[in-house]
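The lines below spell out each chain.
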Amino acid sequence: MPSFIELWFRNCSSHSTADPTTELPPKPPADHRELGVQQELFITTEYSPGSPLLLPNGTRIFNRLVEFLRKQYGRYGFEEVITPTIYKQSLWEKSGHWENYSGDMFTVTSISPPKSKDGKGKKDDDEYSLKPMNCPGHCLIFAARQRTYKELPLRFADFSPLHRNELSGALSGLTRVRRFHQDDGHIFCRPVQVEEEISKTLDFVRVVYSTLKLGPYRLTLSTRPANHYIGTVEEWDSAEKGLKKALEASGQEWTINEGDGAFYGPKIDIILRDSDGKEHQTATIQLDFQLPKRFNLLYHAAAPEFEKRGEITSDREQLGVMGRVAPVLIHRAVLGSVERLMALLIEHHNGKWPFWLNPRQVMIITTREGKDSRVIEAARAAQSILMGIDEPADGPTSNPFQLAVDVDASSRTLPRKVQAAISQGYGVHVTIGPRQVDDGTVSVDLSRLAGGEPGLRDMTVKELFYPPPDYETAASEHQSQPQSQTLPIRPAPAPVRRPPGALLDLPILKYMRTHRVILASSSPRRRMLLSQLGLPNLEIRPSTKPEDLSKADLGPWAYVSDTAEQKALDVYAALVEEAAANQSTTTGGNGNGNAVSVDDTGRRDPDLVIAADTVIVTREGVVLEKPTSEGAHVKMLRHLRDTRSHRVLTAVCCVAPRADAQHPGYAIASHVEESKVFFARESDGLPDDVIDAYVRTREGADKAGGYAVQGLGGSLLVEKVDGAVDNVIGLPVRKVLQLCEKVIFRQNDTSEDEEEDDE
């Protein structure tokens, strides 16, 4: 029996069969300096060495990185502040920077003397310097008023530019600069809070770097320098002990870098490697007991002697004593230098940007008939809708994502325009010609997005921009994951909200709405997903064949694929046999031109059978058994929580009768979709009692014994989904439609490649 399953192959150099004497030389590693010019991201100038000029494309990437961090600040409790660029030398003397760091600082002088109120010149004995870091300014904010222990931890974040006087010979592109931006943050906390705050910061780093697909990275603990440091050896030993404890609790591997700490305290550095193999320190977490003392930072707390040691007492007499205690200061930067991280991302992606970071997201292309003024107007209107500027300028702000949308209305041929858009790295291609103008649609190519399918599809511009209403909730729950390659969600105005089932006006949907479609599954979630397509004739017919396949012998992919295929064929055969046993034979069209059987009740042979099977696969590659009891279900969910990540595999199989009466039988197509799911941690609100309560709900007691990602359940269990959300729910709808189209309209097509259309 034929089966169409998509496979991807990648050649490995260790298995190459080419003649070594004729092999091409290895491709040189990507260089962000060259790519920056090619992609029009940044330039440098001799008039400001070490201060790159970001071009519009580079600025888009910069702003998206900064906005991504800002969206995480609410989750991790940071408040953004803005501080001066220039401070007096006396501030740096107070902080200790002038003594230990002045060689790397820029001093500032004025060619005109400062003036007093009476207009007369007055000498200013203070020198000024550009700030190399933000911590003294944040200390001034903390000291602006009295603080109590109830306010701590206080977390300040700052994106203002910093300046450091690097040697001219060391300057290089974006990795070694004199002016840069740092996602600089400072946490003022109680001694008892130090370990928890460092653990949260390490988790912050993990979330950001996994989202950016950077890594693996390594952690190093940098200890007290041999000479230039402030504070006592005992204070340094105590700080280093606290960092070691947090690193051990993180469960990640780490090493010690002796003597490389900052002059005010030890630090944890996150080290990434670029395409040349050179390592760069990006994120950093630094513990500082010294700066709060130098700025005389204090907060009021009960039992101050215990508070200083990070101890908790229940002694009422001690708790009745109030005193002032110095906070502990934690310096943290997750991206580190935004410019340096941009350089690593430029080389990492090598021109193939994920959609959310892509500075060239959408290209609208007009056909050669585009000289028609209607086509140009339609292209500009589509651009306005996608950019969110189709509404009045004085109305509510729309499209906070600021999609980058360009229009190519040149006189070049369509293939040349498409090739130019591909070479320039545009993620989505939208084609508009006279036909699309007449139909009120656009032709969209999403094949260059992760998970995108080949070929063009017609839809309205707002269907491209607005997800179907029934998916908004599910997608919004995972909107915080920028790696998702779908267009950003923008809430549709209520008056134009489309009814359920108005997903797309595709030929395959028109067929399914007028023919007998069977879902070989009793899952309410799968039924819900298909019902959203507006199928009035959808029937539910679960397979009654016992599952007798071996998970161990087949492995996860083959097992779930064969199970879905077995269900589809079992239901298809049963329905055909029922119709044959009860039929009073008549001849009628089933849409494909061949005869069908209709029984006394009006039922006929099925036109399409859709089956699916979902399994959960652990990190070790083991397929979890579907729980047979409430207790087993609880045990499974606790295991998924404790192991943090797992894979969800959903196999879809579609079966339809062959249209050619000369070759009776059926056409079958199948596909396995994978999504990676990250559960919440026990410490992040998913303790055992929450899982117990979830399983007791109707949703948790689903026959499949899995879990939901929509509504209350998803907010409790799932932290994020890397891949299609509907796949985790139980049915990847887009892939289902593609498979249905294959078994209905392209039964003789054994190729997975779609022919490209010029319009």
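Predicted, not measured: the structure shown is a model, and the values here were computed from it.

Helices and strands together make up the secondary structure of the protein, namely 25 helices and 28 strands. Looking at the 759 residues of the protein, the share that counts as buried comes to 49%. The contacts of the protein with a sequence gap of at least 6 include a subset with a gap of at least 24, amounting to 72%. Per element, the accessible surface of the protein, about 37400 Å² overall, is 51% carbon and sulfur.

Moving on, we come to the nonpolar core. Counting residues in each nonpolar core, the largest one holds 55 residues, and the members touching the most others are L65, I198, Y209, L212 and I268. Those residues in contact with I198 that lie beyond four places of it in its chain are L243, A246, I268, I285, L287 and I330. The next biggest cluster of nonpolar side chains, apart from the first, holds 30 residues, and it includes L530, L608, I610 and L731.

One can describe the packing of helix α6 (residues 194-211) onto helix α7 (residues 233-250) by two numbers: an axis separation of 9 Å at closest approach and a directional angle of 50°. It follows from the interaxial angle that α6 and α7 lie oblique. For the crossing formed where α6 meets α7, the hand is right-handed. Side by side, α6 and α7 meet where E195, I198 and L202 of the first sit next to L243, K245, A246, L247, A249 and S250 of the second. The residue inventory of the contact of α6 with α7, partitioned by class, reads six nonpolar, one polar and two charged.

Turning our attention to the sheet that holds strand β26 (residues 645-657). Consider a sheet: its strands pair through backbone hydrogen bonds, and that pairing is either parallel or antiparallel. Taken together, the six strands give an open sheet; going across it, the order is β24-β23-β25-β26-β27-β28, and neighbouring strands pair in mixed fashion. For this open sheet the edge positions go to β24 (538-540) and β28 (718-722), each flanked by a neighbour on one side alone. The mean angle between the axes of side-by-side strands here comes to 25°, regardless of whether they run parallel or antiparallel. The pairing of strand β23 (residues 517-519) with β24 spans three bridges and is parallel. Paired with V517 across the two strands is L538, which belongs to β24.

Cis peptide bonds are those with omega within 30 degrees of zero, and the linkage from L152 to P153 qualifies with 5°. Along the chain, P153 turns up in the loop between β7 (147-148) and β8 (154-158). We note that E40 has phi near 55°; this positive angle belongs to a residue other than glycine. Note on placement: E40 falls in the loop between α1 (32-38) and β1 (42-43). The phi torsion at A303 lies on the positive side, around 50°, for a residue other than glycine. Structurally, the position occupied by A303 is in the loop between β15 (299-302) and α9 (304-308). Residue A303 is classed as buried on the basis of its relative accessible area of 4%.

In total, this model carries 28 salt bridges according to the counting rule given. We note a salt bridge from E67 to R70, for which the minimum N-O separation is 2.9 Å. Of this pair, E67 and R70 both sit in helix α2 (residues 56-76), three residues apart, which is roughly one turn of the helix. One salt bridge in this structure joins R448 and D445, with 2.9 Å as the shortest N-O distance.

Our next topic: helix α12 (residues 373-387). End to end, α12 covers 21 Å across 15 residues, agreeing with the expected 21 Å (1.5 Å per residue, within 8%). By the burial criterion, the buried members of α12 are V375, A379, A382, Q383, I385 and L386. Relative to the axis of α12, the buried residues are bounded by an arc of 165° and lie together on one face. Looking one or two residues beyond α12, the residue adopting positive phi is G388, at roughly 80°.

Turning our eyes to something else, we now look at the environment of P304. You can see P304 is positioned in helix α9. Judged by relative accessible area, which is 13%, P304 ranks as buried. Considering only alpha carbons, one finds P304 and A326, 22 residues apart in sequence, at a separation of 9.8 Å. Residues in contact with P304, not counting those within four places in the same chain, are V321, M322, G323 and V325.

About the thresholds
- Residues numbered from 1 in each chain as written.
- Predicted model: local features only at pLDDT ≥ 70, side-chain atom pairs only at ≥ 80, totals over all residues.
- Heavy atoms only, no water.
- Helix = DSSP H or I, 4+ residues; strand = E, 2+ residues; numbered from the N terminus.
- Buried < 20%, exposed > 50% of the residue type's maximum accessible area, 1.4 Å probe, protein only.
- Contact = heavy atoms within 4.5 Å.
- Areas by Shrake-Rupley, 256 points an atom, 1.4 Å probe, with all protein chains shown as cover.
- Core = buried A, V, L, I, M, F, W, Y, C linked by side-chain atoms within 4.5 Å.
- Axes fitted to C-alpha atoms, helices over the stretch in contact; angles between N-to-C directions.
- Parallel < 35°, antiparallel > 145°, perpendicular 65-115°, else oblique.
- Left-handed = near helix turned anticlockwise from the far one by under 90°.
- Nonpolar A, V, L, I, M, F, W, Y, C, P; charged D, E, K, R; others polar.
- Pairing = 2+ DSSP bridges.
- Salt bridge = Lys/Arg side-chain N within 4 Å of Asp/Glu carboxyl O.
- Expected span 1.5 Å × (residues − 1).
- Arc of directions from axis to C-beta.

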